[in-house]
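A look at the structure
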Amino acid sequence: MTTTQIPGYVVGTWDIDLSHSDISFSVRHMMVSKVKGRFANFSGEIVTGETFEGSSVTAKIDATSIDTNSEQRDGHIKSADFFEVETHPEWTFVSTGIEADGADYKVNGDLTIKGVTKPVSLNLELGGFGPDAWGGTRCGFTATTTINRNDFGVDIAMPLDGGGVVVSEKIAITLEIEGVLRAA
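Residues numbered from 1 in each chain as written. Predicted model: local features only at pLDDT ≥ 70, side-chain atom pairs only at ≥ 80, totals over all residues. Heavy atoms only, no water.

On to unusual backbone geometry, then. Backbone geometry at E84 places phi at a positive 50 degrees, although glycine is not the residue there. Structurally, E84 is set in the loop between α1 (71–78) and β7 (90–101). Backbone geometry at K114 places phi at a positive 55 degrees, although glycine is not the residue there. Note that K114 resides in the loop between β8 (104–113) and β9 (116–131). On the accessibility criterion, K114 (13% relative accessible area) is buried. (Helix = DSSP H or I, 4+ residues; strand = E, 2+ residues; numbered from the N terminus. Buried < 20%, exposed > 50% of the residue type's maximum accessible area, 1.4 Å probe, protein only.)

Quick look at the pattern of salt bridges now. In the structure shown here, the tally under the stated rule is 8 salt bridges. Residues D17 and R138 are paired through a salt bridge, measuring 2.5 Å at the closest nitrogen-oxygen approach. You can see D17 sitting in the loop between β1 (12–16) and β2 (22–29) and its partner R138 sitting in strand β10 (residues 137–148), a full 121 residues away along the chain. Exposure class is identical for D17 and R138. Each is buried. In this structure, the salt-bridge partner of K106 is D101, at a minimum N-O distance of 3.8 Å. Here K106 falls in the partly exposed class, since its relative accessible area comes to 23%. D101 sits in the partly exposed class, given a relative accessible area of 40%. The network of salt bridges with common partners includes D17, D132, R138 and E178. (Salt bridge = Lys/Arg side-chain N within 4 Å of Asp/Glu carboxyl O.)

Here the focus is the packing of aromatic side chains. Tallying each qualifying case throughout the model produces 10 aromatic pairs. With a centroid separation of 4.7 Å and an interplanar angle of 80 degrees, the aromatic rings of F83 and W91 are classed as edge-to-face. Ring plane angle 85 degrees and centroid distance 6.2 Å describe the contact between F129 and F141, whose orientation is recorded as edge-to-face. Of this pair, F129 sits in strand β9 while F141 sits in strand β10, and the two are 12 residues apart along the sequence. An identical accessibility class is assigned to F129 and F141; each is buried. (Phe/Tyr/Trp six-rings, centres within 6.5 Å; stacked < 30°, edge-to-face > 60°.)

Counting residues in each nonpolar core, the largest one holds 42 residues, and the members touching the most others are F39, I46, F83 and I147. At 5 residues, the largest contribution of residues to this core is made by strand β11 (residues 167–181). In contact with F39, other than residues within four places in its own chain, are I23, F25, I61, D62, A63, S65, I66, F83 and W91. (Core = buried A, V, L, I, M, F, W, Y, C linked by side-chain atoms within 4.5 Å. Contact = heavy atoms within 4.5 Å.)

Shown next as structure tokens:
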């Protein structure tokens, strides 16, 4: 295994900075366009190891904080038809490994939605490590993946009269994450 040298790399524990991070998704709607949404509330911890490949991440997403720019749609998505947030208000991700993938990385882990846990692989672009304006240290990452909502029990079927579906099975997920190094 080859270890990549990362400029400014710092070993430590980092908290996700909610005000400088974003978890969003995109899903095909009515077979003609895509609808985007995001989650307003989430938290997480990144632990950078002696090597980047030895690092880990855990995260929690408040499924009740979904925002698709439509209160009516958000209410339907929160219902038993989709996320069933009254029973499953929190989703989790726990990494199981990080591996180099060319100039970038893959973060493998277990994603739990609606009580169903499945392995997922995130394509990870390392933004970097560096000082912030307040005397602390920051790190940044962009991660993407695509999941099938049916795999997690979000299996509502909404066929269109002329063929196709109202909401596709594939969901593209993008994470823009900024972490703040915990003080020693």
